[in-house]
Amino acid sequence: MSDCIFCKIVRGEIPCSKVYEDDKILAFDDINPMAPVHVVIIPKNHISTLMDVDTEKDDIMNNLIAAAQKVAQIKNIAVSGFRVAINCNAEGGQVVFHLHVHVLGGRKLQDELG
Ligand code: AMP
Ligand code: ZN
């Protein structure tokens, strides 16, 4: 999508602090971190929301979870612990309409699920 901010990051039109990348996935530090570790993991292909994932035909959710495991190891929070979150649509708090997984850690997370 031409005007999607995360698609622009995938295309290199907007810089990011890359944490992990493979052929289907890009992970980068969140620009407005809510915790010492806050990484956003996205599919390189544009998918607007969690509701647009076809889990019968597409293994992207598995790829995103696999990437979350890698990010946790890269950021050294796999043992200490972390939170994985996907916001979906307005009341879920989704602001960027390109599917993404938040990985939060590096401190004891409290009641921050809204
Ligand atoms: P959400 O509320 O789930 O849509 O989260 C969108 C996230 O993307 C927020 O945590 C933003 O801080 C983050 N974000 C927006 N623009 C950028 C950017 N250019 N680089 C890194 N993170 C970004
Ligand atoms: Zn996009």
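The shown structure was predicted, so the numbers you read here are calculated from the model rather than taken from an experiment.

What counts as what
Here the residue numbers are simple positions, counted from 1 along each chain's written sequence. Whichever chain is written first becomes A and whichever ligand is written first becomes 1, with later ones labelled in order. Owing to the predicted nature of the model, reporting of local features is limited to residues with pLDDT of at least 70; listing and counting of side-chain atom pairs is limited to 80 or more, with chain, interface and lining totals taken over all residues. As a rule here, side-chain values come from all non-hydrogen atoms in the structure, and water together with hydrogens is ignored. At least two DSSP bridges between two strands are required for those strands to pair. The numbering of helices and of strands both runs from the N terminus, where a helix is a DSSP run of H or I of at least 4 residues and a strand a run of E of at least 2. Axes, fitted as lines to C-alpha atoms, cover a helix only where it is in contact. Angles between the N-to-C directions of the axes lie from 0 to 180 degrees. Between two residues, a contact is recorded if the distance between any of their heavy atoms is within 4.5 Å. For Na, K and Ca the donor cut-off is 3.2 Å, and for all other metals it is 2.8 Å, counting N, O and S atoms only; because water is absent from this set, sites may look incomplete. Every angle between 85 and 135 degrees makes a four-donor site tetrahedral, while opposite donors more than 155 degrees apart, with all other angles between 65 and 115, make a four-donor site square planar and a six-donor site octahedral; other sites are irregular. Working definition: with a 1.4 Å probe on protein chains only, accessible area under 20% of the residue-type maximum means buried, over 50% means exposed, and in between means partly exposed.

1. Overview of the sheet that holds strand S5 (residues 101-105)
As summarised here, the arrangement of the five strands in space is S1-S2-S3-S5-S4, forming an open sheet in which the pairing is antiparallel. Only two strands of the sheet have a single neighbouring strand rather than two, namely strand S1 (18-21) and strand S4 (82-85). The mean angle between the axes of side-by-side strands here comes to 20°, regardless of whether they run parallel or antiparallel. In the sheet, strand S2 (residues 25-29) pairs with strand S3 (residues 37-43) via five bridges, with the strands oriented antiparallel. Of the residues in S3, the one forming a bridge with Asp29 is Val39. Along the sheet face, helix H2 (residues 60-74) touches S1, S2, S3, S4 and S5 and points at about 150° away from the line of S3.

2. Some remarks on the coordination of the zinc ion (ligand 2)
Distances from the zinc ion (ligand 2) to its protein donors, namely Cys4 (SG), Cys7 (SG), His46 (ND1) and His98 (ND1), fall within the range 2.1 to 2.3 Å. Each of the four donor atoms bound to the zinc ion (ligand 2) contributes to angles spanning 106 to 117°, and the resulting shape is tetrahedral. Donor residues for the zinc ion (ligand 2) sit on one chain with the sequence pattern C-x2-C-x38-H-x51-H. Taken together, the positions of His46 in the loop between S3 and H2 and His98 in the loop between S4 and S5 put the pair 52 residues apart, joining distant regions of the chain. Relative accessible area serves as the criterion here: at 24%, His46 is assigned to the partly exposed category.

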